[in-house]
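# Descriptive analysis of the structure
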Amino acid sequence: MFKLPPLPNDDAKWPFVACMNDGVEVPEPVECLVSGTMPGWLVGKLYRTGPGIFNIHTDEKRITLDHWFDGIGITHRFEIHATGKVTYRNRITSKKRMESIKQRGSLPRTFGPSTMDPCQWIFQKVFSYFTDERADTELNVSVTPGFMIPGRKNAAVLALKTDSNALQFVDLDTLENVDEQQTTYGVLNPELAKGPISVAHEEFDPVTNTFMNLVVVPGPNPEYIVFQSQQAASGTTVSPEAEIIARFHDPNVAYLHSFSSTKKHIIVQLWPLSYGFKGLKISMSSCLVDAMEWNPSRNARFVVIDRVEKRVVAEYEYPPCFCFHTVNAFDDSDDDEKGDGGIVMDIVAYRTGNVVKAFLVRDLVNSEPGSEAVSDLRNAMAPSFKRIKLSNLDRVKKEFLSRADSTAPAMVMAETLFDIPLLMELPRINPKWRHVPTYRFVYGVGNLFRHLHSHALFDCLVKFDTRSQTHVTWMKIGHTPSEPIFVPNPDGGGEGGEDDGVVVSVVLDGSLAKSYLLILDAKTFTELATADTGRALPLGLHGAFV
């Protein structure tokens, strides 16, 4: 097959730069070239969202978004039809922010550092007091797509979320923005409009059809407001309101990207990476990373909330580390038999919070052999898979609740059950096995073949067995995968086991500069089919299948 020469600065052995180039809008469905055999039961839609445009051109100059997380959001839609046909389309869903940057000729506050003159940002901030700041600083909401639709009854819309208290609704078919303005979780409960900070990855209970999240209110005594909302099933009219189930305070405003839940509990992990000056440093900084402070001398704080009692019931400490993505959690049945209670949490953890400073586009597209920047990036992107246990929960809860109001509770240290140095990220599981103690398999992207290339991007898909603590991989030289999503076999009835289904991922074939939808058999982790889009797609972040 004909192969294109590597792009400038690309890795000749493993071309990858095309998935970091600016994406092109494809507003109408195009048919993909399918190879292999699609499972007959695999019918549905894959939505993905994430950064897609890093260079914005005005009449006078080019404005560059330097951090991967700051790329202008593009939302993608693959549809797998009953006939086996696959179609693809996308939409620039953060177009309003892009147009605002073009008109102003400068950047609003970003997640990561930019090359914009700091003085320019300061004058822009002063000017914003005399203009419609909301219209000018529309957020780049492009981290996670979801179907738990806040404030909507039976609406055929997709909810895009980020680490701010901002929601953007797009049409499930056309991907066009449904509303003129973004909204907040205040549409569920006015109290939730108070906090400008939220969590991109909500938690979901598949048994009760409930999603959980929180907002954070910075200030002299920062407050965390945890809520849940039971979503209406199709064809019903359950009111999509949110119930506040707990409030608590902490001296710090932690940077949170995810948290954990079980059938009985919510666990909010406050890592020692926080926004300075009790969150007020955000308003003083041109980017969020500059407002963050890593404190290696402060332990993490795990706040345990009882979902039935609707209050904070326990707290634990854990040695300093940082986590973008939690994996799963469950109430420990072994401890329950002893009458002592317990919670087990799986997370992907980093040694420090400095990883948030990584992911600069110029480093991600760097493949110069021996590059110090690439070496530093690889070192930063070196997580491990941790299983953490909150033991003796009944005893800890009793001591926590019996303390005098004026007495600070004695912190109990959570324990590490295992810590596997597995270079895996963007973890996903079979959604039907959420909160299940016997769950076993985790799927993610990996960096396990670094000896074959000189860049820092993902090079394989990983299936990790939490029981045996072993893993298998899917890899093709020169093929760069994205987050894998498990789709359960609806015809299996659960008899085929936890991994009865497929794993789908969007992969760049670097030698052809084209992206394709990959379908893997989840049991054997072998290729079943591909659907070639005929173009290179931006790498993106997260997705959902329905």
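On a predicted model such as this, the values are computed, not experimentally measured, just so you know.

### Quick word on the packing of aromatic side chains
According to the stated counting rule, one finds 22 aromatic pairs in the structure shown. Here the aromatic rings of Y224 and F248 are separated by 4.9 Å at their centres, their planes lie at 0°, and the arrangement is stacked. Linking Y224 in strand β14 (residues 223-230) with F248 in strand β15 (residues 243-249), this pair joins segments that are 24 residues apart in sequence. Residue classification places F248 among the buried residues on the basis of a relative accessible area of 6%. On the numbers, 6.0 Å between centres and 20° between planes, the contact of Y255 with F322 is stacked.

### With respect to the state of the cysteines
Here a disulfide denotes one covalent bond, and it connects the sulfur atoms of two cysteines. Evaluated as defined, the whole model comprises 0 disulfides. Between C321, a cysteine without a disulfide, and C323, which holds the nearest cysteine sulfur, the sulfur-to-sulfur distance is 7.6 Å. We classify C321 as buried; its relative accessible area is 3%.

### Section: a nonpolar patch on the surface
Taken together, the side chains of F277, L280 and M284 present a nonpolar region at the surface, about 330 Å² in accessible area. The topology assignment puts L280 in the loop between β19 (273-275) and α4 (288-291). Using a relative accessible area of 46% as the deciding quantity, one classes L280 as partly exposed.

### A closer look at the environment of G496
In this fold, G496 is placed in the loop between β33 (485-488) and β34 (501-509). Overall, G496 belongs to the partly exposed group, its relative accessible area being 25%. With 27 residues separating them along the chain, G496 and K523 place their C-alpha atoms 9.4 Å apart.

### Notes on unusual backbone geometry
Of note, L175 is a non-glycine position whose phi angle comes to about 70°, a positive value. A relative accessible area of 0% means that L175 is categorised as buried. The phi angle at A513 is positive, at roughly 55°, despite the residue not being glycine. Mapped onto the elements, A513 comes out in the loop between β34 and β35 (514-521).

### Observations concerning the nonpolar core
Core analysis: the biggest nonpolar cluster contains 92 residues, and F302, I305 and F322 have the highest contact counts within it. Once residues lying within four places of it in the same chain are set aside, the contact partners of F322 are Y255, W271, L273, W294, V348, A349, Y350, T352, G353, V355 and V356. Counting residues in each nonpolar core, the second largest holds 20 residues, with M38, F78, V487 and V502 among its members.

### Some points on the pairing of strand β13 (residues 210-217)
Of all the 8 residues making up β13, 8 are buried; the element is thus mostly covered by neighbouring parts of the structure. Across the two faces of β13 the burial is the same, with T210, M212, L214 and V216 and F211, N213, V215 and V217 all buried. Pairing of strand β11 (residues 197-198) with β13, which is carried by 2 bridges, proceeds in the antiparallel orientation. Directly across from I197, in β13, lies its bridge partner V216.

### What about the environment of F464?
Within the secondary structure, F464 is located in strand β30 (residues 460-465). Note on F464: relative accessible area 0%, which makes it buried. For the pair F464 and F385, spaced 79 residues apart in sequence, the C-alpha to C-alpha distance is 9.5 Å. Look past the residues within four positions of F464 in its chain and what remains in contact with it is F385, F418, I420, L422, M424, R440, F441, V442, Q469, T470 and H471.

### A few points about the side chain of H325
With respect to the helices and strands, H325 occurs in strand β23 (residues 322-331). Judged by its relative accessible area of 7%, H325 falls in the buried class. Side-chain polar atoms of H325 contact the side chain of H201, separated by 3.5 Å. Looking at H325, its side chain comes within polar contact range of the side chain of H542, at 3.3 Å. Sequence-distant contacts of H325, that is, excluding residues within four places in its chain, are made with H201, H257, S258, I347, V348, E425, L426, P427 and H542.

### Some words on the sheet that holds strand β37 (residues 542-545)
Within a beta sheet, neighbouring strands are joined by backbone hydrogen bonds and run either parallel or antiparallel to one another. Strand order in the open sheet formed by 5 strands is β1-β7-β6-β3-β37, with antiparallel pairing between adjacent strands. With one partner strand each, in any of the chains shown, β1 (30-31) and β37 form the two edges of the open sheet. Alignment of strand β6 (residues 72-80) against strand β7 (residues 86-92), held across 7 bridges, turns out to be antiparallel. Looking across to β7, one finds that I74 is bridged to I92.

### Examining the pattern of salt bridges
Applying the stated rule across the entire model yields 28 salt bridges. A cluster of three or more residues bridged by salt bridges with shared partners is formed by E191, K194, E223 and R247.

### Some remarks on the confidence of the model for the protein
Per-residue confidence for the protein gives a mean pLDDT of 88; residues scoring 70 or more make up 87%. Contacts from residues 1-7, a stretch scored under 50 in pLDDT, to residues over four places away or in other chains number 11 contacts. Considering only residues more than four positions removed or in separate chains, one finds that residues 233-238, a stretch of pLDDT under 50, has 8 contacts.

### What about the sheet that holds β30?
As summarised here, the arrangement of the 4 strands in space is β28-β29-β30-β31, forming an open sheet in which the pairing is antiparallel. Since the sheet does not close on itself, it has two edges, and those belong to β28 (424-428) and β31 (470-474), each with one partner. Each adjacent strand pair in this sheet contributes to an overall mean axis angle of 30°, direction not counted. Here β28 runs beside strand β29 (residues 441-446); their pairing, made up of 3 bridges, is antiparallel. Each bridged residue has a counterpart across the sheet, and for R428 the counterpart in β29 is Y443.

Conventions we followed
- Residues numbered from 1 in each chain as written.
- Predicted model: local features only at pLDDT ≥ 70, side-chain atom pairs only at ≥ 80, totals over all residues.
- Heavy atoms only, no water.
- Phe/Tyr/Trp six-rings, centres within 6.5 Å; stacked < 30°, edge-to-face > 60°.
- Helix = DSSP H or I, 4+ residues; strand = E, 2+ residues; numbered from the N terminus.
- Buried < 20%, exposed > 50% of the residue type's maximum accessible area, 1.4 Å probe, protein only.
- Disulfide = S-S within 2.5 Å.
- Patch = residues over 30% accessible without salt bridge, like charges linked within 9 Å, V, L, I, M, F, W, Y side chains within 5 Å.
- Areas by Shrake-Rupley, 256 points an atom, 1.4 Å probe, with all protein chains shown as cover.
- Salt bridge = Lys/Arg side-chain N within 4 Å of Asp/Glu carboxyl O.
- Core = buried A, V, L, I, M, F, W, Y, C linked by side-chain atoms within 4.5 Å.
- Contact = heavy atoms within 4.5 Å.
- Pairing = 2+ DSSP bridges.
- Polar contact = N/O pair within 3.5 Å; in protein donor to acceptor, adjacent residues only side chain to side chain.
- pLDDT = per-residue confidence, 0-100.
- Axes fitted to C-alpha atoms, helices over the stretch in contact; angles between N-to-C directions.

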